[in-house]
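Observations on chain architecture
This is what each chain is made of:
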Amino acid sequence: MEIKRVGVVGCGLMGSGIAEVCARSGYEVLVREVNSALLQKGLDRINKSLAKAVSRGKMSQEEADQATARMQGTLDLADFGDCDLVVEAAIENMAIKKEIFAELDSVLPAHAILASNTSSLCVTEMASVTRRGDKVLGIHFFNPVPVMPLIEFVRTILTSDETMEIAHEFGASLGKTMVTAKDTPGFIVNRLLMPYILDAVHIYENGLASKEDIDTAIHLGLNHPMGPLTLLDFVGLDTCLFIADAMYEEYKDARYAAPPLLRRMVLAGHLGRKSGKGFYDYS
Ligand code: CAA
């Protein structure tokens with residue numbers, strides 16, 4: 001099967017990055033948001049990112065214009081009828097994702113692959129509301145999508161070899177390196193990342209070191225691009241809390257238990273860069 005047209009559900013931070021990378025790789029892209037203000041915000045983010053790529057000499061203005069021309073927005077999932085592959089990047093809410101999967105299953109052509117960009121939810125549960133379980137998988141991108149070179153594929157017990165082969169060809173065409181994990185909470189990256197991030201909050205909460213020293217120690221001592229608390233602000237405290245809770249819910253393992261401070265910062269609206277304040281101030 002040749003993938004020509006890609007659908008992306010959600011045009012937030014992840015959805016807009018996925019749509020941009022697909023359009024830059026030559027695919028026709030249809031992206032859906034729930035209202036026109038959010039759709040416009042997402043498309044503006046993509047155009048800004050393309051303009052930045054042009055200004056940094058990563059692509060020509062003509063290539064950026066072609067990528068823009070390959071992208072269309074919609075508010076209606078019914079418009080996805082000629083998509084060969086859809087990546088769902090809507091909010092991390094299982095009930096909403098199941099609604100989207102069920103609707104897409106009835107709209108998409110029989111050959112189409114249905115993927116979720118979820119970072120922690122059960123892909124098998126999303127597949128269960130479709131009649132194409134063999135064509136459902138997780139395609140997990142990393143933020144910022146245009147920069148991060150990895151895709152994590154999530155294979156359920158229903159996903160067919162053929163679907164995995166097509167997904168690999170698709171990932172390679174985006175210029176990404178791919179790894180595959182079983183459909184278990186956190187897959188590979190978050191299974192390892194979350195205990196580390198949560199531990200950083202624990203040791204800060206317990207007064208072992210200042211936040212700056214915790215971050216500097218990891219940034220310079222291990223050569224990570226960001227220390228754990230800066231990374232938490234970057235990913236979003238609410239997103240990390242959601243992932244940790246989903247992992248704790250399934251494993252009941254203290255390694256995934258959110259520290260009290262993290263939960264209280266989320267309740268206080270200190271979500272990181274997106275809200276202007278997290279462990280650091282971005283105002
Ligand atoms: N979109 C496009 N390009 C971007 C970008 C964005 N949002 N942010 C940065 N870039 C590009 C810049 O243009 C620059 O490109 P060139 O070097 O080619 O000019 C390059 O990335 C480096 O950017 P900067 O010099 O501005 O800043 P930096 O060196 O600090 O890099 C960073 C920024 C790439 C974000 C880097 O700090 C980094 O890799 N941080 C860690 C990110 C990370 O761990 N992401 C995974 C989060 S976990 C996740 O996503 C999964 C989950 O389920 C929670």
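Residues numbered from 1 in each chain as written. Predicted model: local features only at pLDDT ≥ 70, side-chain atom pairs only at ≥ 80, totals over all residues. Heavy atoms only, no water.

Points about the overall build of the chain
For the chain, the helix and strand inventory stands at 11 helices and eight strands. Relative to the 2.2 N^0.38 estimate, which gives 19 Å for 283 residues, the radius of gyration of the chain is 19 Å and therefore close to what a compact globule would have. Projected onto its principal axes, the C-alpha coordinates of the chain cover approximately 55 × 45 × 35 Å. Taken across its 283 residues, the chain has 47% of its residues classed as buried. Once local pairs closer than 6 in sequence are excluded, the contacts in the chain between residues at least 24 apart make up 66%. Accessible surface computed for the chain: about 13,300 Å², of which carbon and sulfur atoms make up 54%. Averaging the coordinates of the 28 positive side-chain charges in the chain and doing the same for the 37 negative ones gives two points 3 Å apart. (Helix = DSSP H or I, 4+ residues; strand = E, 2+ residues; numbered from the N terminus. Rg over C-alpha atoms; globule rule 2.2 N^0.38 Å. Buried < 20%, exposed > 50% of the residue type's maximum accessible area, 1.4 Å probe, protein only. Contact = heavy atoms within 4.5 Å. Areas by Shrake-Rupley, 256 points an atom, 1.4 Å probe, with all protein chains shown as cover. Lys, Arg positive; Asp, Glu negative; His and termini not counted. Charge placed at Lys NZ, Arg CZ, Asp CG, Glu CD.)

A closer look at the pattern of salt bridges
Taken as a whole, this structure holds 12 salt bridges when the rule is applied. For the salt bridge of K97 with E92, the shortest nitrogen-to-oxygen distance reads 3.0 Å. Notably, a salt bridge pairs D105 with R131, separated by 3.1 Å at the nearest N-O pair. Here D105 is found in helix α4 (residues 94-107), whereas its partner R131 is found in the loop between α5 (123-127) and β6 (136-140), with 26 residues between them in sequence. Judged by relative accessible area, R131 falls into the exposed class, the value being 68%. Put simply, E88, E92 and K97 are held in one network by salt bridges that share partners. (Salt bridge = Lys/Arg side-chain N within 4 Å of Asp/Glu carboxyl O.)

Here's the deal with a negative patch on the surface
The grouping of D76, D79, E99 and E103 at the surface amounts to a negative patch. Relative to the elements of secondary structure, D79 occurs in the loop between β3 (71-74) and β4 (85-88). (Patch = residues over 30% accessible without salt bridge, like charges linked within 9 Å, V, L, I, M, F, W, Y side chains within 5 Å.)

A word on the sheet that holds strand β5 (residues 113-116)
Taken together, the eight strands give an open sheet; going across it, the order is β3-β2-β1-β4-β5-β6-β7-β8, and neighbouring strands pair in mixed fashion. Two strands lie at the open edges of the sheet, namely β3 and β8 (177-182), each paired on one side alone. Direction aside, neighbouring strands of the sheet carry axes that sit 25 degrees apart on average. Here three bridges tie β5 to β6, and the two strands are oriented parallel to one another. Across the sheet, the residue bridging to S116 is G138, located in β6. The sheet contacts of helix α1 (residues 13-24) involve β1 (5-9), β2 (28-32), β3 and β4, and relative to β1 the element is tilted by about 170 degrees. (Pairing = 2+ DSSP bridges. Axes fitted to C-alpha atoms, helices over the stretch in contact; angles between N-to-C directions.)

Some remarks on the domain arrangement of the chain
Taken domain by domain, the chain holds domain 1 (5-182) and domain 2 (191-274). One C-alpha centre belongs to domain 1, the other to domain 2; they are set 27 Å apart. If you look at the interface, domain 1 gives six residues, while domain 2 gives four residues. Of the roughly 450 Å² buried at the junction of domain 1 and domain 2 (both faces included), carbon and sulfur atoms supply 69%. For domain 1, the biggest contributors to the area lost against domain 2 are E92, S120 and N143; these three give 65% of the whole. Taken together, the connections running from domain 1 to domain 2 amount to zero salt bridges. There are zero residue pairs in polar contact (both at pLDDT 80 or more) connecting domain 1 and domain 2. Of the residues assigned to the side of domain 1 that touches domain 2, the class counts are two nonpolar, three polar and one charged. (Domains from an automatic or database assignment. Buried area = accessible area lost by both parts, 1.4 Å probe. Polar contact = N/O pair within 3.5 Å; in protein donor to acceptor, adjacent residues only side chain to side chain. Nonpolar A, V, L, I, M, F, W, Y, C, P; charged D, E, K, R; others polar.)

Re the environment of I188
Of note, I188 is situated in the loop between β8 and α7 (189-205). Between the C-alpha atoms of I188 and F153, which are 35 residues apart in sequence, the distance is 9.8 Å. Not counting residues up to four positions away in its chain, the partners in contact with I188 are E152, V179, T180 and A181.

Some points on the packing of α7 against helix α11 (residues 260-267)
Closest axis-to-axis distance for the α7/α11 pair is 8 Å, and the angle between their directions is 95 degrees. Here α7 lies roughly perpendicular to α11, going by the angle between them. Contact with α7, carried on its side by L198, V201, Y204 and E205, involves P260, L261 and L262 of α11 and no other residues of that element. (Parallel < 35°, antiparallel > 145°, perpendicular 65-115°, else oblique.)

Considering the packing of α7 against helix α8 (residues 211-221)
Running from N to C, α7 and α8 cross one another at 140 degrees; their axes reach a closest spacing of 10 Å. With respect to the hand of their crossing, α7 and α8 are arranged in right-handed fashion. Residues Y196, A200, I203 and Y204 of α7 form the contact with α8, whose own contacting residues are K211, I214 and I218. Residues of the contact of α7 with α8, tallied by class, amount to six nonpolar, no polar and one charged. (Left-handed = near helix turned anticlockwise from the far one by under 90°.)

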